[in-house]
Amino acid sequence: MALFTCCFEPVEFPEFLDTFVQKCTDPSCCCGCCSALRPRYKRLVDNIFPVNSEDGLVKSNMEKLTFYSLSSPDKLDRIGEYLYQKASKDINRKRYKFVEIAMEAMDILLQACHAQTTLNLFVESFLRMVQKLLEDSNPNLQILATNSFVKFANINEDTPSYHRRYDFFISKFSSMCYGNNDNIELRDSIRLAGIKGLQGVIRKTVSDDLVENIWEKQHMEKIVPSLLFNMQSGDLTPVEDATVVTPPVLAEEVLRELVGRASFGHIRSVLKPLLTHLDRHELWVPNTFAIHTFRIVMISIQPQYSYTVVETLMQHLDNNFKSSPKTRTSLAVVLSKIIAIAAGESVGPSALDIINNLLTHLRTSVSTTTEITPEESQYQEALINALGEFANHHPDYQKIEIMLFIMNTVPDLSKKSKGDQMLQNILLKSLLKVGTQYSTTSFEKAFPASFLQPLLKMARAPHDPTRIIVMQIFQSLLDRHQNEKVLSTVSIKPYAALSQETPSRSDIIFTHKYGANIMQALIDSMALSEKLDSLTSSYNTAALLIVEMACGETVQEFLLFILGIQQVANTSDELSNIHKCCLQIIAIALLTLTARVTGINNLLEYAQKIIEDRKQEATYLLPPLLDTKKSNKSYNLNLPHLAIDKMALAECLQNAGMDFNRLQTGVPYALNQSDNPGHRHSWVESVSSNHMTQRNSSADLTAYNADADSISSSPGVSKKALAPEYTVDAMKRYLAEPPESVKREQQEKQKQIVRAFRESDFEDLMKRTEPKHDVIQNRLNDLFNSLSIDNKTPQNATNQNEKPIYETNFPELFYY
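Residues numbered from 1 in each chain as written. Predicted model: local features only at pLDDT ≥ 70, side-chain atom pairs only at ≥ 80, totals over all residues. Heavy atoms only, no water.

**Quick notes on the overall build of the protein chain**
Rule in force here: A run of DSSP states H or I qualifies as a helix once it reaches four residues; a run of E qualifies as a strand once it reaches two. Both are numbered from the N-terminal end. Buried, partly exposed and exposed residues are distinguished by accessible area as a fraction of the type maximum, computed with a 1.4 Å probe on protein chains only: under 20%, between the cut-offs, and over 50%, respectively. Contacts between residues were defined by any pair of non-hydrogen atoms, one from each residue, lying within 4.5 Å. The protein chains shown are the only cover counted for residues, whose accessible areas, like all others here, come from Shrake-Rupley with a 1.4 Å probe.
Counting its secondary structure elements, the protein chain contains 35 helices and zero strands. For the protein chain, the proportion of its 816 residues judged to be buried stands at 46%. Counted over contacts in the protein chain with a minimum sequence separation of 6, partners at least 24 positions apart contribute 72%. In the structure as shown, the protein chain presents an accessible area of about 43,000 Å², 52% of it carried by carbon and sulfur atoms.

Right, dumping it as structure tokens:
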């Protein structure tokens, strides 16, 4: 071992000349003049340390060192290395105060010189010192090092670093997040330091693509669980004092920042460790923390990426199909809580993809369970709620598309197995959930033909729960004035809280077009079951239909509908007496409601007369409906004088000055009839008979039929093509010809038109379709000339031999 040490280093020999006369401060130095051989940066660094560590950093000397660093930036790396060596010696000697001074000097130099191009070399020494302090078991040094690292992370470096790595810092800061010191205050300080350190790493690495990829699996599996561990240890209620920073609050803030900085390709890197943490620590049941965490994710994420969160959560639900129903229910509830946030960014195929995934989970739930338990039922309800929440945040036109999509997934009614019936009910409940979110303005938009036709088919389902759900769907779409609860009971008394509005022209057109099909389905539904809940739901739908659509132009259709209900009760041999009584009750209740809604006093007086007669002779034909479980009496139904009379209804309309021909000549609705005789042809039935064939805008010209629409607009009339010559002989020949020849002639004409428009030149088509303006102009010129000649003739000049004016203007061709 050498007896003497020297501060001189041969490599630094040229620097001793300017300070040759200064005295060495190292007591172990070999001579008093050796300080002249020491580099200036070392003497400046030595001078910032006081004799007594309690005195702290020597500010004046620190300023000299800072100035030297700014004027000689090439010495920064040597200054940093020398400070690191001194701090390492002090750590080994447990001289922690001097370590703090060295760290403080490092921070000051970093802040002052961060604009220097050689800062990267200094940063390496800085990070080595931070790592050295973090490796020590002293918690104060760890907190000190973390604070210094955070200051460094907030500096925007101009020059990127290609070789810098943060593996150690991520691991160390993550481990500090789990600090379990017995001293609660010190434990929270360590955890706060760890969370701040992770925040610094995130800020430093996310903004610089050249450094280590923070989104890699090994890093996210350390960062995300560390944040979640601190979040779940705190109270989820908001803190009143926002100035108090606690580990849960800071961890939530860092998670928000992490998710907010994630790009589309990195979202799953955050979500996978999050889901794994919730699984391992069994945080799905109860799911309060899971809901809170995913709401943070959905609020913080960039809006265009929110769909990815929903998709990932659904995939996780797929992976947990064998888990307990409680776990799956909690997952579905979490999905329902966050799916609304993603709805705004999900349009078109992505929206239907989410709906399809939810429906797939519902089908899987039904198919994998032989019997629905309460827990499994809660899981299905959670999925349905998620579907409803998702649809609620879409515009109405997309809700219609979603309802159409759901309707197309409902199993065929011909499948009568228990599993298929359960699936039908589940999917119809999903449809109902969407329907309750739809705000109906026009019935034509709410009931497109492609949606109305299968819905009417479902209304005739033999399964009571299925029909009830279908009626609820109708009620949710028909009820524009919140009358559903008011009309939920069958009554002949006035409904006090009934709200109504005169139907618009489009609603009247919809009633003429589709009302017959809806009312026919209602009659079939009423005849299928005598259970009170089924009959009440059908009455509720019919009453809403009357309140929303009944007016002077449509009242005859509704009266025929009421007569049809009564006719089913009088003529059907398959119905029980109690069932027939219930139909009679519904008929008189709907008649009274129709009279009040339309304001036809004569009709109301007639209904009141029937009610008074029934009160005296047959009270069982008045509300409330009869319950099969409570009524065992035999009822006399052969009372024609207590029935609603068709001619009396027509007379009431006639006395009120309204049209009554349709009611007088029309036939009441019958049971199990696809379309009522005498009604205008409904396109719904044509759609069903043609297997939902729709004409495309680019259809072939051979399908051209100019009279298709005009035929359907004339009830009971089949339009025929007239002969080209309008003579008596031509008319006789046309009437005598068989229909086949007329059809062949019409087809030949259509082929000629198609051939002409396909094969002719554009100029020829222009000439053929050009209007004959010259002919019209010549006629106008002749007319104006005749008028001018008449004006020139004197008023008194009359010719006795001139023909009368009517003979001149009206030739013999027009004589009668």
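**Structural notes on the pattern of salt bridges**
Quick reminder of the rule: Criterion for a salt bridge: a side-chain nitrogen of Lys or Arg within 4 Å of a carboxyl oxygen of Asp or Glu.
A full pass over the atoms with the stated rule returns 24 salt bridges. The shortest N-O distance in the salt bridge between Arg-95 and Asp-90 comes to 3.7 Å. Accessibility expressed as a relative area gives 33% for Arg-95, which makes it partly exposed. In this structure, Asp-464 and Arg-467 form a salt bridge, with 2.4 Å as the shortest nitrogen-oxygen distance. Residue Asp-464 and its partner Arg-467 are located together in helix α21 (residues 464-478), separated by three residues, close to a single helical turn. The same class applies to Asp-464 as to Arg-467, namely buried. Because the salt bridges share partners, they merge into one network encompassing Arg-203, Glu-257 and Arg-261.

**Thoughts on helix α16 (residues 374-392)**
Where we set the bar: Multiplying 1.5 Å by the residue count of a helix minus one yields the expected span of that helix.
Here α16 is 19 residues long and its end C-alpha atoms lie 26 Å apart, about the 27 Å a rise of 1.5 Å per residue gives. Listing the buried residues of α16 in full gives Glu-376, Tyr-379, Gln-380, Ala-382, Leu-383, Ile-384, Ala-386, Leu-387, Gly-388, Phe-390 and Ala-391.

**Description of the confidence of the model for the protein chain**
Interpretation of the predicted coordinates at a detailed level should be avoided for regions scoring low in pLDDT. To keep it simple, the criterion reads: Scored between 0 and 100, pLDDT is the confidence that the predictor attaches to each residue.
In this model, the protein chain carries a mean pLDDT of 80, and residues with pLDDT of at least 70 account for 77%. Here residues 7-33 is modelled with pLDDT under 50, and outside its nearest four sequence neighbours on either side it reaches 39 contacts, counting other chains as well. Every residue in residues 675-724 scores below 50 in pLDDT, and together they form 52 contacts with partners more than four places removed in sequence or on other chains.

**Concerning the environment of Asn-320**
Rules: Here a polar contact is recorded for every N or O atom pair within 3.5 Å, except that within protein the pair must consist of a potential hydrogen donor and a potential acceptor, and residues adjacent in sequence are included only if both atoms are side-chain atoms.
Considering the arrangement of structural elements, one finds Asn-320 in the loop between α13 (306-319) and α14 (325-343). Exposure remark for Asn-320: the relative accessible area of 12% places this residue in the buried category. Ignoring anything within four residues of it in the chain, the contact list for Asn-320 reads Arg-328 and Leu-331. At 2.7 Å, the side chain of Asn-320 forms a polar contact with the backbone oxygen of His-316.

**Digging into the packing of aromatic side chains**
Applicable threshold: Ring geometry is summarised as follows: Phe, Tyr and Trp rings, the Trp one being its six-membered ring, pair when their centres sit within 6.5 Å, and such pairs are stacked at plane angles under 30 degrees, edge-to-face over 60 and tilted between the two. For a Lys NZ or an Arg CZ to count as sitting over a ring, it must be within 6 Å of the ring centre and within 35 degrees of the ring normal.
This model, assessed by the stated rule, comprises 19 aromatic pairs. Feature note: the residues Phe-126, Phe-149, Phe-152, Tyr-166, Phe-168, Phe-169 and Phe-173 constitute an aromatic cluster, connected by ring pairs. The ring of Phe-49 is capped by Lys-86, whose NZ or CZ atom sits 5.0 Å from the centre of that ring. The residue whose ring lies beneath Lys-204 is Phe-152, and the NZ or CZ to ring-centre distance is 4.4 Å.

**Brief notes about helix α5 (residues 119-135)**
End to end, α5 covers 24 Å across 17 residues, agreeing with the expected 24 Å (1.5 Å per residue, within 8%). Among the residues of α5, those classed as buried are Leu-119, Asn-120, Phe-122, Val-123, Ser-125, Phe-126, Leu-127, Met-129, Val-130, Leu-133 and Leu-134. Buried-residue contacts for α5 involve α3 (76-92), α4 (96-112), α6 (139-153) and α7 (167-176).

**Quick look at the packing of helix α12 (residues 288-300) against α13**
Counted only if it meets this: Every axis in this analysis is a line fitted to C-alpha atoms, fitted for helices over the stretch in contact. Angles between the N-to-C directions lie between 0 and 180 degrees. An angle below 35 degrees is read as roughly parallel, one above 145 as roughly antiparallel, one from 65 to 115 as roughly perpendicular, and any other as oblique. The hand of a helix crossing depends on one turn: near helix anticlockwise from the far one by less than a right angle means left-handed, and clockwise means right-handed. For this classification, the nonpolar set comprises Ala, Val, Leu, Ile, Met, Phe, Trp, Tyr, Cys and Pro, the charged set comprises Asp, Glu, Lys and Arg, and every other residue, Gly included, is treated as polar.
In the contact formed by α12 and α13, the axes pass within 9 Å of each other and the chain directions differ by 150°. In terms of axis orientation, α12 runs roughly antiparallel to α13. Classified by chirality, the crossing of α13 by α12 is right-handed. Of the residues in α13, those in contact with Phe-294, Val-297 and Met-298 of α12 are Ser-306, Val-309, Val-310 and Leu-313. The residue makeup of the contact of α12 with α13, split by class, is six nonpolar, one polar and no charged.

**Description of the packing of helix α24 (residues 555-571) against helix α25 (residues 577-598)**
Packing of α24 against α25 brings their axes to within 8 Å, and their N-to-C directions diverge by 165°. Judged by the inter-axis angle, α24 sits roughly antiparallel to α25. Once α24 is placed against α25, the crossing between them reads as left-handed. Packed against α24, whose contacting residues are Val-555, Leu-559, Phe-561, Ile-562, Ile-565, Gln-566, Val-568, Ala-569 and Asn-570, the element α25 presents Lys-580, Leu-583, Gln-584, Ile-586, Ala-587, Leu-590, Leu-591, Thr-594 and Thr-598 at the interface.

**Quick word on the environment of Glu-376**
Within the secondary structure, Glu-376 sits in helix α16. Residue Glu-376 is classed as buried on the basis of its relative accessible area, which comes to 3%. Each C-alpha atom of the pair Glu-376 and Thr-329 lies 7.9 Å from the other, and the pair is 47 residues apart in sequence. Setting aside its immediate chain neighbours within four residues, Glu-376 contacts Pro-325, Arg-328, Ser-365 and Thr-369.

**Digging into a nonpolar patch on the surface**
Rules: Put simply, a patch holds well-exposed residues, over 30% relative accessible area, that have no salt bridge, with like charges counted together within 9 Å and Val, Leu, Ile, Met, Phe, Trp or Tyr side chains within 5 Å.
A cluster of nonpolar side chains, contributed by Leu-780, Leu-783, Phe-784 and Leu-787, occupies part of the molecular surface with about 370 Å² of accessible area. In this structure, Leu-780 sits in helix α34 (residues 773-792).

**Points about the nonpolar core**
The line we're drawing: Throughout this description, the term nonpolar core refers to a set of buried Ala, Val, Leu, Ile, Met, Phe, Trp, Tyr and Cys residues connected via side-chain atoms within 4.5 Å.
Leu-83, Phe-294, Phe-447, Phe-561, Leu-590 and Ile-644 are the most contacted members of the largest nonpolar core, which totals 221 residues. Of the residues forming this core, the biggest block, 14 residues, is contributed by α25. Each residue touching Phe-294, except ones within four places of it in the same chain, is listed here: Leu-274, Leu-275, Leu-278, Trp-284, Val-309, Leu-313, Val-334 and Ile-338.

**Section: the side chain of Arg-614**
This is how the line gets drawn: Under the counting rule used here, the positive set is Lys and Arg, the negative set is Asp and Glu, and His together with the chain ends is not counted.
Structurally, the position occupied by Arg-614 is in helix α26 (residues 601-617). Nearest to the buried, unbridged Arg-614 among oppositely charged side chains is Asp-613, at 8.2 Å. At a separation of 3.0 Å, a polar atom in the side chain of Arg-614 contacts the main-chain carbonyl oxygen of Leu-642. Contact partners of Arg-614, with chain neighbours within four places excluded, come to Gln-566, Gln-584, Ile-588, Thr-619, Leu-621, Leu-622, Leu-642 and Ala-643.

**A short note on unusual backbone geometry**
A cis amide bond, omega -5°, links Val-285 with the succeeding residue Pro-286. Assignment of secondary structure puts Pro-286 in the loop between α11 (267-280) and α12. Residue Pro-624 is reached from Pro-623 by a cis peptide bond, and omega for that bond is 5°. Summarising the element assignment, Pro-624 is placed in the loop between α26 and α27 (646-655). Positive phi, close to 65°, is recorded for Lys-94, a residue that is not glycine. Locating Lys-94 in the fold gives a position in the loop between α3 and α4. Phi at Glu-282 takes a positive value of approximately 55°, unusual for a residue other than glycine. Structurally, Glu-282 can be placed in the loop between α11 and α12.

**A closer look at the side chain of His-481**
Looking at the secondary structure, you find His-481 in the loop between α21 and α22 (505-528). In this structure the side chain of His-481 is engaged in a polar contact, spanning 2.9 Å, whose partner is the side chain of Glu-501. Side-chain polar atoms of His-481 contact the side chain of Glu-548, separated by 3.0 Å. Each residue touching His-481, except ones within four places of it in the same chain, is listed here: Ser-499, Glu-501 and Glu-548.

**Considering the environment of Ser-306**
On the secondary structure map, Ser-306 appears in helix α13. When the C-alpha atoms of Ser-306 and Phe-264 are compared, they prove to be 9.4 Å apart, with 42 residues separating the residues in sequence. Within polar-contact distance, the side chain of Ser-306 engages the backbone oxygen of Pro-303 at 2.9 Å.

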